Amino acid sequence: MDIAALSVSLGQASFKEAAGLQVLSIAKDQAEVQAQNMTQMLEQSTHPNLGKTLDIKV
């Protein structure tokens, strides 16, 4: 077994994993900001019953 090739392969896999985690972290941060913005918008509603309940199906 070629040790150098194995080392390169493991290095590439590690890099791909780190890049994937970074992308997920960015997506999570954006989702949190969007949730905060939506909460603020619902709190500022002029209609008293609007935004009191939120039905979500996934």
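Look up: the structure comes first, before these words.
Residues numbered from 1 in each chain as written. Predicted model: local features only at pLDDT ≥ 70, side-chain atom pairs only at ≥ 80, totals over all residues. Heavy atoms only, no water.

K.L.:
Help me understand the overall build of the protein, please; the structure alone is not making it clear to me.
P.N.:
Along the protein, the regular secondary structure elements total one helix and zero strands. In summary, the protein has a C-alpha radius of gyration of 22 Å against a globular reference of 10 Å for 58 residues, an excess of more than 25%. Each principal axis of the C-alpha atoms in the protein carries an extent, and together these give about 70 × 20 × 5 Å. In the protein, which comprises 58 residues, the share counted as buried stands at 0%. Accessible surface for the protein amounts to roughly 5700 Å². Of this, 60% is attributable to carbon and sulfur atoms. Charged side chains in the protein number 4 positive and 6 negative. The centres of these two groups are separated by 9 Å. (Helix = DSSP H or I, 4+ residues; strand = E, 2+ residues; numbered from the N terminus. Rg over C-alpha atoms; globule rule 2.2 N^0.38 Å. Buried < 20%, exposed > 50% of the residue type's maximum accessible area, 1.4 Å probe, protein only. Areas by Shrake-Rupley, 256 points an atom, 1.4 Å probe, with all protein chains shown as cover. Lys, Arg positive; Asp, Glu negative; His and termini not counted. Charge placed at Lys NZ, Arg CZ, Asp CG, Glu CD.)

K.L.:
I keep staring at the pattern of salt bridges and nothing clicks. Help me out?
P.N.:
Any two side chains of opposite charge can pair, given that their charged atoms come close. For the coordinates displayed, the defined rule picks out one salt bridge. The partner of Lys28 in a salt bridge is Glu32, and the shortest N-O contact between them spans 3.4 Å. Placement of both Lys28 and Glu32 in helix α1 (residues 3-43) is noted, with a separation of four residues, approximately one turn of the helix. When its relative accessible area of 39% is taken as the criterion, Glu32 is described as partly exposed. (Salt bridge = Lys/Arg side-chain N within 4 Å of Asp/Glu carboxyl O.)

K.L.:
Looking at this structure, how should I read α1?
P.N.:
Because the α-helix completes a turn every 3.6 residues, residues three or four places apart line up on one side. Here α1 spans 60 Å end to end across 41 residues, near enough to the 60 Å set by a 1.5 Å rise per residue. The backbone nitrogen of Ala4 has a side-chain oxygen 3.4 Å away, supplied by the residue at the start of α1, namely Asp2. (Expected span 1.5 Å × (residues − 1). Polar contact = N/O pair within 3.5 Å; in protein donor to acceptor, adjacent residues only side chain to side chain.)

K.L.:
Sorry if this is basic, but what is going on with a nonpolar patch on the surface here?
P.N.:
Nonpolar side chains collect at one region of the surface, where Met38, Leu42, Leu54, Ile56 and Val58 lie side by side and expose about 580 Å² of accessible area between them. Examined against the element boundaries, Val58 turns out to sit in the segment after α1. (Patch = residues over 30% accessible without salt bridge, like charges linked within 9 Å, V, L, I, M, F, W, Y side chains within 5 Å.)

K.L.:
What should I look at first to understand the environment of Gln40 in this one?
P.N.:
In this structure, Gln40 sits in helix α1. Along the sequence, Gln40 and Leu6 sit 34 residues apart, while their C-alpha atoms lie 51 Å from each other.

K.L.:
Help me understand the environment of Ala27 in this model?
P.N.:
Tracing the backbone through its elements, the reader meets Ala27 in helix α1. In this structure Ala27 comes out as partly exposed when scored by relative accessible area, which is 40%. Counting along the chain gives 10 residues from Ala27 to Glu17, while the straight-line C-alpha distance between them is 15 Å.

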